[in-house]
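Structure at a glance
If you want the building blocks of each chain, they are given just below.
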There are 2 protein chains.
Amino acid sequence: MKYSIQTISKVLGIPPSTLRYYDKEGLLPFVEKTSAGVRQFKDADIEWLLTIECLKQCGMKISDIAKYISLCEKGNSTINERYLMLQNLERNINEQIKFLKNSKKRIDFKLWFYQKLVETDGNFMAETNESYSFRNDAVDYIEKLHKIAENKNKAE
Amino acid sequence: MKYSIQTISKVLGIPPSTLRYYDKEGLLPFVEKTSAGVRQFKDADIEWLLTIECLKQCGMKISDIAKYISLCEKGNSTINERYLMLQNLERNINEQIKFLKNSKKRIDFKLWFYQKLVETDGNFMAETNESYSFRNDAVDYIEKLHKIAENKNKAE
DNA sequence: TTAAAAGTTGAAGTATACTTTAAGTTAATC
DNA sequence: GATTAACTTAAAGTATACTTCAACTTTTAA
């Protein structure tokens with residue numbers, strides 16, 4: 001089964017221009033072309049395209065995806081290098097998840113605070129030691145700033 | 001306590017050029033300036049900067065952060081609009097977390113597969129119905145593609 | 001077989017988020 | 001008081017990931 005760039009575009013929801021761009025950047029070395037230069041996608045290419053979309057959405061740069069794909073093309077001798085790349089990506093994913101979960105709590109705090117403000121007609125004050133407000137984190141930085149200011153005074 | 005752009009930059013790890021860029025884009029309307037035009041950061045600004053960094057890292061665009069900050073500046077009458085913005089951001093965060101968690105399992109599958117390949121000296125074949133491999137997802141798309149191909153044949 | 005539809009490349013254009021540079025002003029230090 | 005360090009703005013430049021355009025070729029279909 002062979003598919004045109006249009007068909008692949010519609011089914012996977014990736015614009016033809018993007019597929020051509022990917023090809024130009026070396027992300028699609030597996031896609032075959034007719035002697036006239038027309039791309040002919042095949043069933044097996046779908047798995048590659050899904051992998052590319054996953055890696056991209058996880059934050060991998062196009063140039064790094066190109067590198068990963070080229071390693072795949074080189075065969076089993078590159079498994080170790082590919083393993084390290086994916087391991088590194090996974091660490092990034094873990095960090096992203098951790099950060100997002102924490103941020104979610106902060107946003108939740110703000111949402112809760114806004115709701116309280118509405119309920120009390122603007123007369124609500126959150127406890128300063130409320131976890132996940134930004135104020136507590138700010139305090140740490142402000143301390144650092146005060147120390148810097150102190151040192152400047154000493155120097156004079 | 002007043003701090004220079006340098007000091008703030010060092011303590012928060014944001015380059016002065018970025019802080020100036022933020023200011024230009026309307027993210028720092030709260031930062032005061034001397035009559036000569038020199039920015040004078042104060043303790044209270046830290047909380048704002050932390051909020052900005054959080055929103056940015058959660059995927060909010062600079063222009064949207066500017067809009068949010070400007071709503072904050074307008075006072076309590078804009079709480080509803082701010083609430084909706086943060087609620088929307090939270091939905092995005094939830095989607096991101098969901099996607100990343102799923103992707104993590106896929107990457108894990110690939111890592112496991114690479115390990116098996118190394119252990120078996122390249123003679124390992126994963127079960128096709130292994131969850132979180134990309135092959136299973138690909139099958140769904142390939143089915144769609146086959147249906148499209150069928151319809152084309154019918155039309156001839 | 002011929003016109004329209006779809007494909008191709010290469011180059012330029014767009015969006016986003018900065019960074020760098022240039023030219024000048026202000027603040028701090030000797 | 002002068003030199004230097006730090007600050008300012010405006011504009012141009014960079015990186016990334018595409019999209020759009022122009023000019024042309026190939027395929028498809030009447």
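Residue indices begin from 1 for each chain and proceed along its sequence in written order. Lettering for chains starts from A, numbering for ligands starts from 1, and both go in the order in which the items are written. Only residues with pLDDT of at least 70 get local features here, since the model is predicted, and only at 80 or more are side-chain atom pairs given and counted; chain-wide, interface and lining totals rely on the full set of residues. With hydrogens and water excluded, all non-hydrogen atoms of the structure serve as input to the side-chain values.

1. Regarding the protein's contact with DNA strand C
For this description, a residue counts as near a given molecule or strand if any of its non-hydrogen atoms is within 4 Å of it. Gln6, Arg20, Lys33 and Arg39 of chain A together with Thr18 of chain B are the nearest of the 17 residues found near DNA strand C. Within 4 Å of the protein, atoms of DNA strand C come from sugar and phosphate in 84% of cases. Between DNA strand C and the protein, one listed contact pairs a phosphate oxygen with a side-chain N or O atom of serine 4 of chain A at 3.2 Å. Contacts to DNA strand C include serine 17 of chain B, whose side-chain N or O atom sits 2.8 Å from a phosphate oxygen. We count a stretch as a helix when DSSP gives it H or I for four or more residues in a row; a strand needs E for two or more, and each element gets its number in order from the N terminus. Of all elements in the fold, only helix H1 (5-12) of chain A together with helix H2 (16-24) of chain B reach the threshold of two or more residues within the surface near DNA strand C. When residues are sorted by character, Ala, Val, Leu, Ile, Met, Phe, Trp, Tyr, Cys and Pro go into the nonpolar class, Asp, Glu, Lys and Arg into the charged class, and all the rest, Gly among them, into the polar class. Classifying every residue of the surface near DNA strand C gives seven nonpolar, five polar and five charged. N or O atoms closer than or at 3.5 Å make up a polar contact, with two conditions inside protein: a donor-capable atom paired with an acceptor-capable one, and, for residues adjacent in sequence, both atoms drawn from side chains.

2. Remarks on the interface of chain A and chain B
Size of an interface, as often reported, equals the accessible area lost when the parts are brought together. Only heavy atoms enter the contact rule, under which two residues are in contact if any of them lie within 4.5 Å. Listed as interface residues are 56 residues of chain A and, on the opposing side, 56 residues of chain B. Here chain A and chain B share an interface that buries about 5300 Å² over both sides, 74% of which is from carbon and sulfur atoms. Three residues stand out in chain A for area buried against chain B, namely Leu100, Tyr114 and Leu145 of chain A, and they jointly supply 12% of the buried area on that side. Every case where a carboxyl oxygen of Asp or Glu lies within 4 Å of a side-chain nitrogen of Lys or Arg is listed as a salt bridge. Remark: the boundary between chain A and chain B carries two salt bridges. Residue arginine 135 of chain A is joined to glutamate 47 of chain B by a salt bridge in which the shortest nitrogen-to-oxygen separation is 2.9 Å. Joining chain A to chain B, the criterion identifies 12 residue pairs in polar contact (both at pLDDT 80 or more). Among the secondary structure elements, those contributing two or more residues to the side of chain A that touches chain B are H1, helix H3 (43-57), helix H4 (62-73), helix H5 (79-119) and helix H6 (134-155) of chain A. In terms of residues, the side of chain A that touches chain B owes the most to one element, H5 of chain A, which gives 25 residues. Buried area, as used here, totals the accessible surface that two parts lose on assembly, with accessibility defined by a 1.4 Å probe and the loss added over both.

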